[in-house]
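Chain by chain, the residues:
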Amino acid sequence: MDSLLKHMVDMTGHRDHTMLDISVISAVQELAGALRSRVLSIHTVRGEKYVRARATIEEGQPARMEDGDGRGEPLADCPALAGCLARREASAEEVNADNCLVLWLPIWIGDKADTCLEIVHKTKYGPDTEQVIAGIVSVYRNFQNLLDYSERDSLTGLLNRKTFDDQLGKMLQASAEGPLLPGQEERRQLCGEEKQWLAVVDVDHFKLVNDKFGHLYGDEVLILIANLLSSSFRSQDRVFRFGGEEFVVLLRSTTLENARKIIERFRRNVEAHVFPQVGKVTVSVGFVAINAYEAPVVILGHADQALYFAKSNGRNQACYYDELVERGQLQAVSSNDTAEFF
């Protein structure tokens, strides 16, 4: 009982999805004697569902976060789990190739399950262990729901501005380069070098949409733009609504060429979409590579400058800050950590 209470306290003491995932698999691993426990993400890419590990713990090993790159495995490769999700059931179980039992527990929030616990164990659990696992799942689901509610924009369901600072802080830490120290000249970014990226998106002529069609149709445009953002960017990227018609995207570890392709894919998807009643809508984008030794406000400011250039020079385009500076179309301005860009 003491061990169970300790894990419950640990799970509810976090304000971060990553640490919550680590806590739940640690609790399951210890209290249910599992061989392996994982938190899986369930997501859709071009109409096909995939599962990808977010966190893993194996017997005798510490818990670890997975890198989150790639689509993962097709859900169709796990027919028992696929059937469970289709029927909206609470669990599914099958015997794997190693003659171990695999138990899947989808985390249902309403009629949707984007997360699933996977537990691999040797023998079927008894009623007492099943009750402990059910309790862990319930606490995890409720607390995940609370975190989602505090982190999400109520209209679009995207991450809200409140969560942006923490996510950008993690990216800044990940993009730090050993030999490059603060105050040193920044290296020129090579096209083939993987970086973290920040893109600012703005809906073109959005005020005209609201004025002509009303705010209900304006809200529908924002919801559909949010859906296109979610489907156009990768599952490991993070999309935020900053307010009004402005969105921000953090792109994880990719090259300039790939970042440009991903952003262009989104821009073209919006351009090709027919919005109910409104018709055609376009977006402008400004993006920049994230430098670990620049203040967040400076990074945002550079992306905003590139966005402003895109909107001032025809709209419906994506502009890269460093390219604009190199061409002399934008002037790089030195600033301190307290500068604000508009």
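Residues numbered from 1 in each chain as written. Predicted model: local features only at pLDDT ≥ 70, side-chain atom pairs only at ≥ 80, totals over all residues. Heavy atoms only, no water.

Put simply, the rule is: UniProt positions are given in the numbering used here, feature names are shortened, and annotations may be inferred rather than shown by experiment.
The name that an unreviewed UniProt entry assigns to the protein is diguanylate cyclase, with the source organism given as Zemynaea arenosa. Under the UniProt heading Catalytic activity (unreviewed entry), the entry covering the protein gives this text: "2 GTP = 3',3'-c-di-GMP + 2 diphosphate".

A word on the environment of N258
The line we're drawing: Here a helix means four or more residues in a row that DSSP labels H or I, a strand means two or more in a row labelled E, and each is numbered from the N terminus.
Mapping N258 onto the fold places it in helix α8 (residues 256-272). Separated by 64 residues in sequence, N258 and E194 have C-alpha atoms that sit 9.2 Å apart.

Focus on the packing of helix α2 (residues 17-31) against helix α4 (residues 127-151)
Put simply, the rule is: Axis definition: a line fitted to C-alpha atoms, over the contacting stretch in the case of helices. Angles run 0 to 180 degrees between N-to-C directions. Relative orientations are named as follows: roughly parallel for angles under 35 degrees, roughly antiparallel for angles over 145 degrees, roughly perpendicular for angles from 65 to 115 degrees, and oblique for any other angle. Two residues qualify as a contact provided that any one of their heavy atoms is within 4.5 Å of a heavy atom in the partner residue. Side-chain classes are defined by residue name, with Ala, Val, Leu, Ile, Met, Phe, Trp, Tyr, Cys and Pro counting as nonpolar, Asp, Glu, Lys and Arg as charged, and the others, Gly among them, as polar.
As a packed pair, α2 and α4 sit with axes 11 Å apart at the nearest point and diverge in direction by 180°. Considered as vectors, α2 and α4 are oriented roughly antiparallel to each other. Contacts between α2 and α4 involve H17, L20, D21, V24, A27, V28 and L31 from the former and V132, I136, Y140, F143, Q144, L147, D148 and E151 from the latter. Of the residues in the contact of α2 with α4, the class split is ten nonpolar, two polar and three charged.

Section: the pattern of salt bridges
Selection rule: A pairing counts as a salt bridge when a side-chain nitrogen of Lys or Arg comes within 4 Å of a carboxyl oxygen of Asp or Glu.
Scanning the model with the defined rule gives 20 salt bridges in all. In this structure, D114 and K112 form a salt bridge, with 3.8 Å as the shortest nitrogen-oxygen distance. Members of the salt-bridge network, linked through shared partners, are E264, R267, R268 and E271.

A few points about the sheet that holds strand β12 (residues 283-289)
Rules: When DSSP finds two or more bridges between two strands, those strands count as paired.
The strand order across the open sheet built from six strands is β8-β10-β11-β9-β12-β13, with neighbouring strands paired in mixed fashion. The strands lining the two open edges of the sheet, one partner per strand, are β8 (159-160) and β13 (318-320). Packing of helix α7 (residues 215-232) onto the sheet brings it into contact with β9 (195-203), β10 (238-243), β11 (246-254) and β12, and relative to β11 it is tilted by some 0°. Packing against the sheet, α8 makes contact with β9, β11, β12 and β13, and its axis sits at approximately 165° to β12.

A closer look at unusual backbone geometry
Cut-off, in case you're wondering: Only protein chains enter the accessibility calculation, which uses a 1.4 Å probe. A residue is then buried if its area is under 20% of the maximum for its type, exposed if over 50%, and partly exposed in between.
In this structure, N99 takes a positive phi of about 65° despite not being glycine. Of note, N99 is situated in the loop between β5 (92-95) and β6 (101-109). Its relative accessible area of 63% is what places N99 among the exposed residues. A positive phi angle, near 70°, is found at Q277, a position not held by glycine. Among the secondary structure elements, Q277 is positioned in the loop between α8 and β12. Of the residues examined, Q277 reaches a relative accessible area of 55% and is grouped as exposed.

Focus on α2
What counts here: How far a helix is expected to stretch is found by multiplying one less than its residue total by 1.5 Å.
Taking 1.5 Å per residue as the helical rise, α2 with its 15 residues ought to reach 21 Å, and the 21 Å between its terminal C-alpha atoms agrees with that figure. Of all the positions in α2, only L20, D21, I22, S23, V24, I25, A27, V28 and Q29 are classed as buried. Positive phi shows up at G33, right after α2, with a value of about 60°.

Notes on the pairing of strand β7 (residues 112-121)
Summarising burial for β7: eight of the ten residues are buried, a large majority. In this antiparallel pair of consecutive strands, β6 and β7, the connection spans two residues, and G110 shows a positive phi of 70°.

Quick look at the side chain of T56
As a reminder, the rule being used: Under the rule applied, a polar contact is a pair of N or O atoms within 3.5 Å (in protein, one hydrogen donor and one hydrogen acceptor; residues adjacent in sequence only if both atoms are side-chain atoms).
By the element assignment, T56 lies in strand β2 (residues 48-58). Within the structure, the side chain of T56 is placed 2.6 Å from the side chain of E66, a separation counted as a polar contact. Excluding anything up to four places from it in sequence, T56 contacts I25, R36, S37, R38, P62, A63, R64 and E66.

Digging into the packing of aromatic side chains
So the rule is basically this: Aromatic contacts are taken between Phe, Tyr and Trp rings whose centres are within 6.5 Å, Trp giving its six-membered ring; a plane angle under 30 degrees counts as stacked, one over 60 as edge-to-face, and the others as tilted.
Applying the stated criterion to the full structure yields six aromatic pairs. On the basis of an interplanar angle of 90° and a centroid distance of 5.1 Å, the ring pair of F164 and F242 is categorised as edge-to-face. Here F242 lies in strand β10 and F164 lies in helix α5 (residues 164-174), a separation of 78 residues in the sequence. On the basis of relative accessibility, which here comes to 2%, the residue F164 falls in the buried class. On the numbers, 5.8 Å between centres and 65° between planes, the contact of W197 with Y320 is edge-to-face. Placement of the pair is W197 in strand β9 and Y320 in strand β13, with a sequence separation of 123 residues. For W197, a relative accessible area of 1% corresponds to the buried category. Look at Y320 and you get buried, because its relative accessible area is 5%. Aromatic ring contacts, followed pair by pair, group F164, F240 and F242 into a single cluster.

Quick notes on α4
For α4, spanning 25 residues, the distance from its first C-alpha to its last is 36 Å, which sits close to the expected 36 Å at 1.5 Å a residue. Three or more residues of α4 are buried, namely I133, I136, V137, Y140, F143, Q144, L147 and E151.

Observations concerning the pairing of β10
Side chains on a regular strand alternate between the two faces of the sheet. Pairing between β8 and β10: two bridges, direction parallel. Paired with L159 across the bridge in β10 is F240. Direction of pairing for β10 relative to β11: antiparallel, over a ladder of five bridges. Each bridged residue has a counterpart across the sheet, and for R241 the counterpart in β11 is F247. Remark: two residues form the turn of the hairpin made by β10 and β11, two consecutive strands paired antiparallel; G244 in that turn has positive phi of roughly 60°.

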